[in-house]
Amino acid sequence: MYQDVPAVIRKGYGVSKKGIVLYLHVHQPWRVKDYSVFHTASEHEYFNDTSGTDRNNGKVFLKVAEKSYRPMNRLLKQLLDTQPDFKVSLSITGTFVEQAELYAPDVLEDFKALVATGRVEIVAETYYHSLAFFYSREEFERQVAMHKEMVERVFGVTPTAFRNTELSYYDEIGKWADQAGYKAVLAEGWDPILAGRTPNRVYQPPGTEHIRLLTKNYRLSDDIAFRFGNKGWEQWPLSASSYEQWLNEALNGGDIVNLFMDYETFGEHQWEDTGIFEFFSKFVSEWATRDDVGFYTVTGAAETFDSAGELSMPYTVTWADTERDLSAWLGNTMQHEAMRHIYNLEADVLRSGDVNLIGDWRRLQTSDHTYYMCTKWFHDGDVHAYFSPYNSPYDAFLYYMNAVRDVRFRLMAYHGSTHGDL
Amino acid sequence: MNILMLGWELPPHNSGGLGVACYHMSKALALAGSSIDFVLPYKAHHPKTEFMRIHAATSLQPLHRNGMGAYDAPDVITDALHRKPSEGLTTIRDVQARYVQFVEELVEHTKPAAIHAHDWLTMEAGMRAKEITGAPLIVHVHATEFDRAGNSYGNPLVHEIEEQGLLMADRIIAVSEITKGIIVHHYGIPADKIEVVYNALDTATLEDGYQYNDKTYKYLEFLKQEGYTIAATITRFTLQKGLIQFMQAAAHACERYDKLVFLLAGDGEQRDELLQLSADYGIADKVYFTGFVRGQQWRDAYTVADIFVMSSVSEPFGLTALEAAHHDNALIITKQSGVGEVLSHIFRYDFWDTDKLADQMVAIATSKALKYELTQNVKQEYTRISWDSVAQQCIRMYQQLSGRVMA
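Note that this is a predicted model, so its numbers are computed, not measured.

## As for the overall build of chain B
In terms of helices and strands, chain B carries 15 helices and 13 strands. At 21 Å, chain B has a C-alpha radius of gyration in line with the 22 Å of a compact globule built from 407 residues. With the C-alpha coordinates of chain B rotated into their principal frame, the extents come out at 65 × 45 × 40 Å. By residue count, 52% of the 407 residues in chain B fall in the buried class. Here the analysis covers contacts within chain B between residues at least 6 apart in sequence; of these, 67% occur between residues at least 24 apart.

Pasting the structure below:
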């Protein structure tokens, strides 16, 4: 088979330039305010915190817009305008777009301008950045369809690649995405799964026809996303040329390096004063002007490179924490309880036909809510603490459960008695 | 008769029942003709206290805001103040030292006929005042370190101060037989030195024009209309209160009867653990946490409840049970709670017997007749205990002691 021909021989044919896939994830959740038992059943606004805390969604959005979205969009646009070979892929959640429309429409216009260049791919996912795949396939498909409609409406393009929330992935998701017609699906390039194989090739999920699996090179991704500004890191300060050198080495045994990270890496997780923007600008400019390497979008890479074989992920792998599993979202009983109760309401909520109620129920599915309830404070705890707007995971749980109960209360107006199910 | 009352808190600056008991006792004593000098460790306005002279030993803010309230965990003894230190008083021990100093100066001018000190917080000052004036010392035990530590030795320093105070006292008042037993068995005090004086419920202060607002706990009201029964507790979330066992019993009860929900009003160091437990047991959606409640929310918590559970591992008295009874709750009280000694029409269980508590909650939830009998009959009982009779008991004691000491 052609894909079994060693890359070094194919390279001799000059099939394609090796390159990198830069994929950035853009998301903001609707954080629940301090919704107490005294709010429950009395008022139904869960997401309208107006305090000075980070539960205030508008405040957070404007802060991140100023630190990350605006400067990074400016930089991406400038690079797209000046470097004809530069390409980038983005996934943008529905909850982000809702908030951008509400709080900072200019940010959304900037994103539209990027997509309009034709060299920015929008990757599909659930509209609500939810874990619905693991609880309700029907709801999951509805949310993916909602996201697709949103992308078509806002950006005028139709996604051809898929990523599930938090890069959570196992074989079933690959099969689903294949049957849904996607050309590529994304996953973490986690060593125990790769079992000695390189993340820097394109693979095929088992039991699929056409789809290709792209695996994140977490070492090179995390060099930027997590380590870049760390002065205790032995490679600090990282220069564009050193980083290019590492990429060259990685490409030595592969076709592509998948650099997947949060969009907010630029300016929010790594502040401007770390030099992240200058680094990125320099690196992209240098990479784009080289003849031997290039940039690929997610779909572009899937279409360009041949599969290096089948790669199976029987268990769910995500891009989070040292475990690379779902334990940051579903690791303790509070998180399981929260999800169990929210998904138990599916039939009743949808049957109500109340668009506000359905919208609130779906906003409560966003995975960030259970992430805030995470109690594994060791090793990864500092990361969780940084990303949580609550004082403790218990507070997050408390306010969330009150909101769930209020959703039940609102359902009463449509379906009468609760019949024993609270 | 001039009484030197040594207290740590008074309403509305109280963190629990100690302040309430001190207030009503002093008021009843004053009405019976006593002249009271009441010393507090902080400076604040206390409405409706014209019947006595209040002395502030420091100019600190009310202490419960600084983690030095009467019920704060013993480890705060050496902790720095949470807030900006003032007057160089950074720990509860500093405040106690200043309190003693203040009392020393106070008794220079006014010699009391009796000194009445409440709990370990003021025992040192009581001993010092006795030393200076020769007046008899009555140590009033509302709670021991043994109770606060949930049936264990507790903080050794606190334990030692209690031991000394109990030893030095001319007479000891225990708020229940249970507390008397603890003083005898864990502090080695002869039983005949201790008199049991139960606390009372001042129903007059509860008849202050309060009207239930069914909007406060609207969701719980809605559940009640759906046939749910609400089992509540209003307390500090500490080891002493046996809430872990309460949560276990709640889970058991839900297995047998699903129209039960649980209202946990209050706050404390165990809150996070309790939240976690509610999820562990799969009843998170049936347990409601209000946080610390005052005023309308506090009163409405009693009113919205059907069952009040006092799950304490060790409760010297437990005034909240009487308050709950006043708000038409059926009572379930551990055998380790003193208030049970003055009530008959209640369910009792051992704090560790979670199956029994589950049974009792389900029984009340599933029988209107049972609930009616419990709530109606218990109301006849608590009205028989009054602060006036508490004051009479105290006055008798003052008279006996001052006579003895003078002779």
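## Concerning the overall build of chain A
Within chain A one finds 18 helices and 12 strands. Over its C-alpha atoms chain A spans a radius of gyration of 22 Å, differing by no more than 12% from the 22 Å that the globule rule assigns to 422 residues. The dimensions of chain A, computed from C-alpha atoms along their principal axes, are 70 × 45 × 45 Å. Here chain A holds 422 residues, and 48% of them are scored as buried. Taking contacts inside chain A between residues at least 6 apart in sequence as the whole, the part at least 24 apart equals 77%.

## What to know about helix α6 (residues 177–187) of chain B
Residues of α6 of chain B that are buried include every one of Ile-178, Thr-179, Lys-180, Ile-182, Ile-183 and Tyr-187 of chain B, and no others. Among the residues trailing α6 of chain B, Gly-188 of chain B stands out with phi positive, at a value near 65°.

## Structural notes on unusual backbone geometry
Residue and element names in this part refer to chain A. Put simply, Trp-236 and Pro-237 share a cis peptide bond, and its omega is -5°. Secondary-structure assignment places Pro-237 in the loop between α8 (218–225) and α9 (240–252). The backbone phi angle of Glu-166 is positive, close to 60°, even though this residue is not glycine. Of note, Glu-166 is situated in the loop between β4 (161–162) and α6 (171–179). According to the C-beta neighbour criterion, Glu-166 is buried, with 22 such atoms within 10 Å.

## A word on helix α18 (residues 393–415) of chain A
Here α18 of chain A contains 23 residues, and its C-alpha end-to-end distance of 33 Å stays within 8% of the 33 Å for a straight helix at 1.5 Å per residue. Looking one or two places after α18 of chain A, you find Gly-416 of chain A, whose phi comes out positive at around 70°.

## Comments concerning the confidence of the model for chain A
Residues with a pLDDT of 70 or more make up 93% of chain A, whose mean pLDDT is 92. Of the regions scoring below 50 in pLDDT, residues 5–14 of chain A engages in three contacts with residues more than four places distant in sequence or in other chains.

## Details of the sheet that holds strand β12 (residues 330–334) of chain B
Residues and elements named next belong to chain B. A sheet is described by the order of its strands in space; here six strands give the open sequence β10-β9-β8-β11-β12-β13, paired in parallel fashion. Because the sheet does not close on itself, it has two edges, and the strands there are β10 (287–291) and β13 (347–349). Mean inter-strand twist for the sheet, computed between neighbouring axes without regard to direction, equals 20°. In this sheet, β13 lies alongside β12 in parallel orientation, the contact comprising three bridges. Paired with Ile-333 across the bridge in β13 is Arg-348. Running over the sheet, helix α9 (residues 243–256) touches β8 (229–234), β9 (260–265), β10 and β11 (307–310) and is turned about 165° from β9.

## What to know about the packing of helix α3 (residues 119–133) of chain B against helix α5 (residues 156–168) of chain B
The relative placement of two packed helices is expressed as an angle between their axes plus a distance between the axes. Residue and element names in this part refer to chain B. In contact at an axis separation of 9 Å, α3 and α5 are set at 40° when each is read in the N-to-C sense. With respect to α5, the axis of α3 lies oblique. Crossing handedness for the pair α3 and α5: left-handed. Residues Trp-120, Met-123, Glu-124, Gly-126, Met-127 and Lys-130 of α3 pack against Val-158, Ile-161, Glu-162, Gln-164, Gly-165 and Met-168 of α5. Taken together, the residues of the contact of α3 with α5 break down into six nonpolar, three polar and three charged.

## Things to note about the sheet that holds β4 of chain A
Residue and element names in this part refer to chain A. Read from one edge to the other, the open sheet built from five strands follows the order β4-β5-β7-β6-β12, with strand pairing classed as mixed. Edge positions in the open sheet fall to β4 and β12 (307–310), since each of these has one partner strand only. Looking at chain direction, strand β6 (residues 202–204) and β12 are connected through two bridges and run parallel. Paired with Gln-204 across the strands is Glu-310, a residue of β12.

## Topic: the nonpolar core
Ranked by internal contacts, the top residues of the largest apolar core, which has 248 residues, are Val-185 and Phe-397 of chain A together with Leu-331 and Met-361 of chain B. Here this core takes 10 residues from α18 of chain A, the largest share from any one element. When residues no more than four places from it in sequence are discounted, the contact partners of Met-361 of chain B are Ala-231, Ala-253, Leu-260, Ile-307 and Ile-332 of chain B.

## Overview of the interface of chain B and chain A
Tallying the contact residues gives 24 residues for chain B and 23 residues for chain A. Elements with a contribution of two residues or more to the side of chain B that touches chain A: α8 (218–225), α10 (271–280) and β10 of chain B. Considering every element that reaches the side of chain B that touches chain A, the biggest residue donor is α10 of chain B, with six residues. A breakdown of the residues in the side of chain B that touches chain A according to their chemical character gives eight nonpolar, six polar and 10 charged.

## Digging into the environment of Phe-347 of chain B
Tracing the backbone through its elements, the reader meets Phe-347 of chain B in strand β13. For the pair Phe-347 of chain B and Phe-102 of chain B, spaced 245 residues apart in the sequence, the C-alpha separation amounts to 46 Å.

## Some details on the packing of helix α13 (residues 333–344) of chain A against α18 of chain A
Residues and elements named next belong to chain A. As a packed pair, α13 and α18 sit with axes 10 Å apart at the nearest point and diverge in direction by 15°. Accordingly, the angle class assigned to the pair α13 and α18 is roughly parallel. Of the two elements, α13 crosses α18, and the hand of that crossing is left-handed. Facing Met-334, Ala-338, His-341 and Ile-342 of α13, the residues of α18 in contact are Phe-397, Tyr-400, Met-401 and Val-404. Across the contact of α13 with α18, the residue classes break down as seven nonpolar, one polar and no charged.

## Section: the domain arrangement of chain A
Residue and element names in this part refer to chain A. Looking at chain A, the domain boundaries give domain 1 (2–310) and domain 2 (327–415). Look at where the C-alpha atoms of domain 1 and domain 2 centre, and you get two points 25 Å apart. Between domain 1 and domain 2, the contact holds 28 residues from the first and 21 residues from the second. Class assignment of the residues belonging to the side of domain 1 that touches domain 2 gives a composition of 12 nonpolar, 10 polar and six charged.

## Remarks on the domain arrangement of chain B
Residues and elements named next belong to chain B. As far as domains go, chain B holds domain 1 (2–200 + 386–406) and domain 2 (205–382). Here the C-alpha centroids of domain 1 and domain 2 sit 29 Å apart. Contacts between the two partners involve 21 residues from domain 1, matched on the other side by 14 residues from domain 2. Within the residue set of the side of domain 1 that touches domain 2, elements represented by two or more residues are α1 (17–31), α4 (145–148) and α6. In the side of domain 1 that touches domain 2, the residues fall into 10 nonpolar, eight polar and three charged.

## Observations regarding the environment of Lys-216 of chain A
Residue and element names in this part refer to chain A. Position of Lys-216 relative to the elements: it lies in strand β7 (residues 212–216). Taking C-alpha positions, Lys-216 is 4.7 Å from Gly-189, a pair spaced 27 residues apart along the chain. With sequence-adjacent residues up to four places away left out, Lys-216 is seen in contact with Leu-167, Glu-188, Gly-189, Pro-199, Ser-221, Asn-258, Phe-260 and Trp-319.

## A short note on the confidence of the model for chain B
The predicted coordinates of low-pLDDT regions are not to be read in fine detail. Residue and element names in this part refer to chain B. For chain B, the mean per-residue pLDDT works out to 91, and 94% of the residues sit at or above 70. Every residue in residues 74–85 scores below 50 in pLDDT, and together they form 24 contacts with partners more than four places removed in sequence or on other chains. Model confidence for the complex is summarised by a pTM of 0.84, with the ipTM given as 0.75.

## Remarks on the environment of Lys-18 of chain A
Residues and elements named next belong to chain A. Topologically, Lys-18 is positioned in strand β1 (residues 18–26). Placed 377 residues apart in sequence, Lys-18 and Asp-395 show a C-alpha to C-alpha distance of 48 Å. With residues near it in sequence (within four places) discarded, Lys-18 still touches Leu-251, Asp-255, Ile-256 and Val-293.

Criteria and cut-off values
- Residues numbered from 1 in each chain as written.
- Chains lettered and ligands numbered in written order.
- Predicted model: local features only at pLDDT ≥ 70, side-chain atom pairs only at ≥ 80, totals over all residues.
- Helix = DSSP H or I, 4+ residues; strand = E, 2+ residues; numbered from the N terminus.
- Rg over C-alpha atoms; globule rule 2.2 N^0.38 Å.
- Buried ≥ 20, exposed ≤ 12 C-beta atoms within 10 Å, placed from the backbone.
- Contact = placed C-beta atoms within 7 Å.
- Expected span 1.5 Å × (residues − 1).
- pLDDT = per-residue confidence, 0-100.
- Pairing = 2+ DSSP bridges.
- Axes fitted to C-alpha atoms, helices over the stretch in contact; angles between N-to-C directions.
- Parallel < 35°, antiparallel > 145°, perpendicular 65-115°, else oblique.
- Left-handed = near helix turned anticlockwise from the far one by under 90°.
- Nonpolar A, V, L, I, M, F, W, Y, C, P; charged D, E, K, R; others polar.
- Core = buried A, V, L, I, M, F, W, Y, C linked by C-beta atoms within 7 Å.
- Domains from an automatic or database assignment.

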